[in-house]
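# A look at the structure
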Amino acid sequence: MLEYRAEGLCRNANHLSREELSRCMASGEVLQSTALAYDTGHRLRFELGGLRGIMPFADCVDAAPGETVKDIAVLTRVGRPTCFVIMGTEFDDNGEEYYLLSRAEAQRRCRAQYLDTLEAGSVIPCTVTHIENFGAFCDIGCGIAALLPIDCLSVSRIASPADRVQVGQQLLCAIKNRDVQGRIVLTLRELLGTWSENAACFAAGETVVGIVRSVEEYGVFIEIAPNLAGLAEADSTLHPGQAVSVYIKNILPDKMKIKLVVVNKNLGQPLRFEPHYFVTRGRLKRWTYSTPQSRKQIETVF
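Described below are features of the structure shown in this document. Please read all numbers here as calculations on a predicted model, not as lab measurements.

## Here we look at unusual backbone geometry
One non-glycine residue with positive phi stands out, namely His42, at about 60°. Structurally, the position occupied by His42 is in the loop between strand E3 (37–38) and strand E4 (43–48). In the Ramachandran plot, Met256 falls in the positive-phi region, its phi being about 50° despite a non-glycine side chain. Locating Met256 in the fold gives a position in the loop between strand E16 (243–252) and strand E17 (257–264). With a relative accessible area of 14%, Met256 lands in the buried category.

Below, the structure written as structure tokens:
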């Protein structure tokens, strides 16, 4: 089966010989190259194996029925790795040969042969392409975008997706569902472990780094892993996003609570926890974050 990777991770066509490019054209392999220009004919231009590569406007994006593709969606590809399949070779008005490239066809094949075969709960790789207040958009193959909503980034609440991920970061996510337009919606939190799995990585008596997530009148919630937070005593001098060191006073599985004491609030450097995956492949059908004895049940059914 052909592989469909995010743009930036496909095989680079820049240094392939004409013979190799011909084999890729015959096999339908998805390649990538950096778009060098967006010309007045509304085409993306590339350089492959000593020949020009031309991608007509209609071949730049596989638009949904009724969707209008704007110039900005295409011209922003200039200077960036862009995937495609080679449709063939043609000659211009001056008799010069060039490769005819199609990103849209690569996207259609990616959907038909890969994405449309996946069920909810399937674990897939993706790459963060840009961040909005409500979530992060990810490339799930050939430049096809899927939304990773902010509330699906972790069990711990965050103010912005940028608190958890950054542009260009490669992630593993699970397919949460498909929206009314059929677009894939992603989730990350179910791969980052249950309360018990995360709590088992810590012990009472340890001092660890943490990130302040919420400052309340009754206490301060401090994240010590993306899916695990504890509560320290109220402190109005702390603020969300602040990096601190904390002493773990107690771990209470029956109440899903971790009691913390702030040791140092002047670490003076930003902190972001990298994802620690407890699930890396296959398909999830049901995920229960909560401990069996907890009254509060947090669960996802795919």
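## A few points about the pairing of E4
Side chains Leu44, Phe46 and Leu48 of E4 all project onto a buried face; the interleaved residues Arg43, Arg45 and Glu47 project onto a face where none is buried. By the bridge criterion, 2 bridges tie E3 to E4 in an arrangement that is antiparallel. Paired with Ala37 across the strands is Arg45, a residue of E4. From the end of E3 to the start of E4, which pair antiparallel, there are 4 residues, and His42 there has a positive phi angle of about 60°. As paired strands, E4 and strand E5 (residues 51–56) are joined by 6 bridges and run antiparallel to one another. What sits directly across from Arg45, in E5, is Ile54. Hairpin remark: E4 followed by E5, antiparallel, with 2 residues in the connecting loop; positive phi at Gly49, about 55°.

## Some details on a positive patch on the surface
On the surface, Lys249, Lys255, Lys257, Lys259 and Arg295 cluster together to form a positively charged patch. Position of Arg295 relative to the elements: it lies in the loop between strand E18 (286–288) and strand E19 (299–301).

## Regarding the state of the cysteines
Taken as a whole, this structure holds 0 disulfides when the rule is applied. With no disulfide of its own, Cys24 lies 12 Å from the sulfur of Cys10, the closest cysteine sulfur. The thiol sulfur of Cys152 is not disulfide-bonded, and the nearest other cysteine sulfur, from Cys173, lies at 9.3 Å. We classify Cys152 as buried; its relative accessible area is 3%.

Criteria and thresholds
Residues numbered from 1 in each chain as written. Predicted model: local features only at pLDDT ≥ 70, side-chain atom pairs only at ≥ 80, totals over all residues. Heavy atoms only, no water. Helix = DSSP H or I, 4+ residues; strand = E, 2+ residues; numbered from the N terminus. Buried < 20%, exposed > 50% of the residue type's maximum accessible area, 1.4 Å probe, protein only. Pairing = 2+ DSSP bridges. Patch = residues over 30% accessible without salt bridge, like charges linked within 9 Å, V, L, I, M, F, W, Y side chains within 5 Å. Areas by Shrake-Rupley, 256 points an atom, 1.4 Å probe, with all protein chains shown as cover. Salt bridge = Lys/Arg side-chain N within 4 Å of Asp/Glu carboxyl O. Lys, Arg positive; Asp, Glu negative; His and termini not counted. Charge placed at Lys NZ, Arg CZ, Asp CG, Glu CD. Disulfide = S-S within 2.5 Å.

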